[in-house]
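These are the residues of each chain, in order.
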Amino acid sequence: MGLGEQLIAPGPPAGEPAGAVEVRSTLRLALRAFRRDRFAVAGAVFMGIVIVAAVAAPIISPYSPLVGSNHLDAPMFSPGHLLGTDDQGRDILSRIIWGGRSTLPTAVIPVIVASAVSLLLGSLAGFYQGWLGNLIMRVLDVFFAVPMVLLGVAIAGILGAGPLNVMISMTVVMVPFITRVIYTDAALMRRSEFVQAAVVCGSSPFKILLEQVVPNVLPGLIVYATTNMGAMVVFAAGFSFLGLGVQPPTPDWGLMAADGRSSLMVAPQIAAIPGVVIILVAVAFNFVGDGLRDALDPRRRTA
Amino acid sequence: MLAYAVKRTVTTVPIMLGVSVLVFLLMQLIPGNAAVAMLGPAAGNPHALAQMERYLGLNRPIAVQYLIWLGHLVHGNLGQSTEYSQPVAGILAQRVHNSLILLAASLLLSIVFGVLIGVVSASRPGSVFDRIAMSACLVLASAPTFWLGLLLLWFFAVHLRVFPEMGMYTLGQHGFFDLIRHLVLPALATAAIPIAVIGRLVRSSMLEVLSQPYVLALRTRGLSTLRVHMHAFRNVLVPTVNIVALQAGFVFGSALYTEVVFNWPGVGLLIYNALLARDLAVVQATVLVISLVFVVFNLAADLVRVAIDPRER
């Protein structure tokens with residue numbers, strides 16, 4: 001298509017009334033593609049249920065998550081306790097429902113903060129390259145040289161136990177990974193024709209960065225971040241297991257699985273159930289991420 | 001190849017230096033400072049605090065502190081453990097040895113089972129095995145390592161009683177087979193997630209290669225499926241080495257959880273106990289040593305990748 005043709009606004013095709021033309025905004029196309037992905041929809045619905053349950057925990061949870069009874073280690077499907085009780089007689093279902101309030105923010109907030117930091121670092125490094133880009137990427141190389149779990153545990157451990165320190169440490173270990181994803185996209189963008197066109201038109205580099213590069217790296221960032229939220233639920237559980245995160249008796253999925261260790265001999269389900277919830281949530285985030293990948297990329301979208 | 005090997009080896013020097021700076025800076029995260037951490041309640045005494053800060057060299061500029069620390073490092077002095085009242089280097093040696101056994105076993109399991117599952121799944125896509133294996137991989141890849149360890153511990157050690165629950169040796173024994181019996185469960189728990197990730201990647205790479213014209217050409221010449229797959233697998237090796245190197249980073253970190261679950265006396269358990277006791281010199285030295293081992297491992301993986309892929313030279 002030549003440049004001249006683009007400048008002429010396309011009217012409705014002859015013979016059709018203007019009102020009948022379907023408006024196909026990018027958002028609507030993306031939503032439609034997402035809705036066709038059964039796994040993505042299932043993942044989104046499941047996440048919706050988990051989030052609503054966590055928010056509405058005081059209303060819907062059948063028991064208190066903190067107060068136990070003398071009905072210890074009840075198996076699943078016991079009368080009155082769908083998922084049984086733990087070694088202190090607390091209702092496991094109630095603790096799972098409440099646990100989302102601790103686990104989900106611990107996993108999601110670091111991803112969001114790290115994404116914001118990485119968006120800045122990655123697009124600067126990828127778009128400007130040069131000494132600034134080199135500096136940023138070489139510093140990140142050092143972070144990649146330390147195994148991620150080890151670095152995370154060391155940072156959280158040295159700062160001292162607590163959910164805030166866990167979130168700080170998760171943010172720090174995520175930034176290199178997200179930055180690299182954005183860097184790759186931004187570096188490709190730098191060579192693209194539309195950026196060169198903007199340069200020719202006399203846009204300042206800052207304007208190009210803000211108006212061309214950032215909007216175009218966003219879809220990749222959203223997909224990567226969503227998929228990683230699942231991985232971070234798992235990662236956060238690991239911190240709880242080591243005793244670095246929230247402290248007992250706060251209901252938290254990772255902590256519940258870790259606490260189940262002491263009753264492993266008599267009631268393995270106490271450790272098993274929270275782990276299954278963590279896996280389901282992580283898989284759901286993965287499905288949603290995969291769905292978004294197909295929905296946000298026009299080339300992968302099947303119209 | 002040799003020129004590349006030399007060049008690549010030289011690039012690890014700035015990385016190692018960078019890692020040393022990062023690990024040194026970790027200690028600046030200590031709430032208060034190292035002197036406050038060591039003195040505990042006695043830090044309330046300004047005289048004692050000043051003396052401890054002078055003893056630890058904290059009154060000097062941070063760059064000087066780093067250089068002194070680096071100088072000690074070069075001479076093999078990794079600091080002093082407050083918990084064990086011994087030089088950290090001495091404690092670490094045996095622990096690193098124990099961890100390397102676990103890491104090697106886990107990596108071996110990851111590669112063997114990951115590749116096996118991937119290749120078999122790809123040879124019959126859509127079959128019952130493929131569907132079960134890929135669903136299992138999807139679930140496994142999202143499971144917390146410590147949780148897998150707990151389940152394995154419960155099922156094989158508590159329920160079936162076929163493997164010992166914890167430790168590295170039965171008391172009073174030091175035999176090879178005793179070690180293997182103790183190694184199976186922790187290695188399996190550490191390898192489970194990498195097996196899933198490697199299996200999925202090998203399957204998709206294999207399917208991609210199998211759809212290429214040269215594979216069709218091999219088939220039309222009447223080669224057996226096995227021979228065709230052997231030819232195809234050569235081209236899957238490169239992405240496989242890449243993912244193994246990436247997963248190795250995960251194994252190096254997540255072994256920490258399995259060591260804690262199975263009481264394996266390696267560096268992971270050492271870090272865990274050191275964090276509980278706030279013996280931070282041990283934490284610092286351990287992170288440093290594991291990272292340096294990891295840098296060397298990555299160098300080796302890179303050289304292997306270039307050796308098997310002539311296009312990279």
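Our subject in this report is the structure included herewith.

How each quantity is defined
- Residues numbered from 1 in each chain as written.
- Chains lettered and ligands numbered in written order.
- Predicted model: local features only at pLDDT ≥ 70, side-chain atom pairs only at ≥ 80, totals over all residues.
- Heavy atoms only, no water.
- Helix = DSSP H or I, 4+ residues; strand = E, 2+ residues; numbered from the N terminus.
- Buried < 20%, exposed > 50% of the residue type's maximum accessible area, 1.4 Å probe, protein only.
- Contact = heavy atoms within 4.5 Å.
- Areas by Shrake-Rupley, 256 points an atom, 1.4 Å probe, with all protein chains shown as cover.
- Lys, Arg positive; Asp, Glu negative; His and termini not counted.
- Charge placed at Lys NZ, Arg CZ, Asp CG, Glu CD.
- Buried area = accessible area lost by both parts, 1.4 Å probe.
- Salt bridge = Lys/Arg side-chain N within 4 Å of Asp/Glu carboxyl O.
- Polar contact = N/O pair within 3.5 Å; in protein donor to acceptor, adjacent residues only side chain to side chain.
- Phe/Tyr/Trp six-rings, centres within 6.5 Å; stacked < 30°, edge-to-face > 60°.
- Lys NZ or Arg CZ within 6 Å of the ring centre and 35° of its normal.
- 1 Å grid on protein atoms, 1.4 Å probe; cavity = no way out; pocket = protein on both sides within 12 Å on 5 of 7 lines; lining within 4 Å.
- Points joined across faces, edges and corners; volume = space filled by probe spheres on them.
- Nonpolar A, V, L, I, M, F, W, Y, C, P; charged D, E, K, R; others polar.
- Expected span 1.5 Å × (residues − 1).

1. Side note on the overall build of chain B
Now for step 1: Along chain B, the regular secondary structure elements total 12 helices and two strands.
Now for step 2: Going from N to C terminus, chain B has its helices and strands arranged as α-α-α-α-β-β-α-α-α-α-α-α-α-α.
Now for step 3: C-alpha extents for chain B along the principal axes are approximately 85 × 55 × 35 Å.
Now for step 4: Scored against the burial criterion, the 313 residues of chain B give a buried share of 46%.

2. Regarding the overall build of chain A
Now for step 1: Across its full length, chain A holds 12 helices and zero strands.
Now for step 2: Overall, the C-alpha framework of chain A stretches about 80 × 55 × 25 Å when taken along its three principal axes.
Now for step 3: Here chain A, with 303 residues, has 50% of them falling under the buried criterion.
Now for step 4: Looking at chain A alone, contacts between residues at least 24 apart form 71% of all its contacts between residues at least 6 apart.
Now for step 5: Accessible surface computed for chain A: about 14,700 Å², of which carbon and sulfur atoms make up 68%.
Now for step 6: For chain A, the separation between the mean place of its 19 positive charges and that of its 17 negative charges on side chains is 5 Å.

3. Regarding the interface of chain B and chain A
Now for step 1: With 41 residues of chain B in contact, the opposing surface of chain A contributes 41 residues.
Now for step 2: Taken over both partners, the interface formed by chain B and chain A buries close to 3,600 Å², and the fraction arising from carbon and sulfur atoms is 82%.
Now for step 3: Considering only the side of chain B, the residues that lose the most area to chain A are Phe146(B), Trp147(B) and Tyr257(B), jointly responsible for 17% of the buried surface there.
Now for step 4: Taken together, the connections running from chain B to chain A amount to zero salt bridges.
Now for step 5: Applying the counting criterion to the chain B and chain A interface returns five residue pairs in polar contact (both at pLDDT 80 or more).

4. Overview of the pattern of salt bridges
Now for step 1: A complete count under the given rule lists eight salt bridges over all chains for this structure.
Now for step 2: Asp290(A) is the salt-bridge partner of Arg293(A), the closest N and O atoms lying 3.3 Å from each other. Taken together, the residues Arg293(A) and Asp290(A), both in helix α12 (residues 269-296) and three residues apart, mark about one turn of the helix.
Now for step 3: Residue Arg305(B) is joined to Asp302(B) by a salt bridge in which the shortest nitrogen-to-oxygen separation is 2.9 Å. With a gap of three residues between them, Arg305(B) and Asp302(B) both fall in helix α12 (residues 280-308), about one helical turn apart.

5. Digging into unusual backbone geometry
Now for step 1: Cis geometry is adopted by the peptide bond preceding Pro249(A), which originates at Pro248(A) and carries an omega value of 5 degrees.
Now for step 2: Within the secondary structure, Pro249(A) sits in the loop between α10 (205-241) and α11 (253-259).
Now for step 3: Residue Ser85(B) is not a glycine yet carries a positive backbone phi of 50 degrees.
Now for step 4: Summarising the element assignment, Ser85(B) is placed in the loop between β1 (80-81) and β2 (86-87).
Now for step 5: Residue Ser85(B) is classed as exposed on the basis of its relative accessible area, which comes to 57%.
Now for step 6: Phi angles above zero are rare outside glycine, and Arg278(B) is one such case at about 50 degrees.

6. Side note on the packing of aromatic side chains
Now for step 1: Counting across every chain of the model gives 14 aromatic pairs over all chains.
Now for step 2: Ring centres of Phe252(B) and Phe294(B) lie 5.2 Å apart, and the angle between their planes is 45 degrees; this geometry places the pair in the tilted category. Taken together, the residues span a long stretch of sequence, with Phe252(B) in helix α10 (residues 225-262) and Phe294(B) in helix α12 at a distance of 42 residues.
Now for step 3: Of the residues examined, Phe252(B) reaches a relative accessible area of 8% and is grouped as buried.
Now for step 4: The ring centre of Phe144(A) lies 3.9 Å from the NZ or CZ of Arg180(A), which sits over that ring.

7. Here's the deal with the layout of surface pockets
All names here are of chain B.
Now for step 1: Here the second largest pocket is characterised by a volume of approximately 1,000 Å³.
Now for step 2: In this structure, the second largest pocket is lined by 31 residues; those nearest its centre are Ala 34, Leu 56, Trp 69, Ala 281 and Gln 284.
Now for step 3: Elements supplying a minimum of two residues to the lining of the second largest pocket: α2 (34-39), α3 (46-56), α4 (62-74) and α12.
Now for step 4: With five residues, α4 is the largest single contributor of residues to the lining of the second largest pocket.
Now for step 5: Residue classes in the lining of the second largest pocket are distributed as 16 nonpolar, 11 polar and four charged.

8. Some details on the side chain of Ser118(A)
All names here are of chain A.
Now for step 1: Position of Ser 118 relative to the elements: it lies in helix α5 (residues 92-128).
Now for step 2: Here Ser 118 falls in the buried class, since its relative accessible area comes to 0%.
Now for step 3: Within the structure, the side chain of Ser 118 is placed 3.3 Å from the backbone oxygen of Val 175, a separation counted as a polar contact.
Now for step 4: Not counting residues up to four positions away in its chain, the partners in contact with Ser 118 are Ser 123, Val 175, Ile 178, Thr 179 and Ile 182.

9. Side note on α12(A)
Now for step 1: Counted at 1.5 Å a residue, the expected span for α12(A) with its 28 residues is 40 Å, and the 40 Å between its end C-alpha atoms agrees.
Now for step 2: The element α12(A) is largely enclosed, with a buried count of 22 among its 28 residues.

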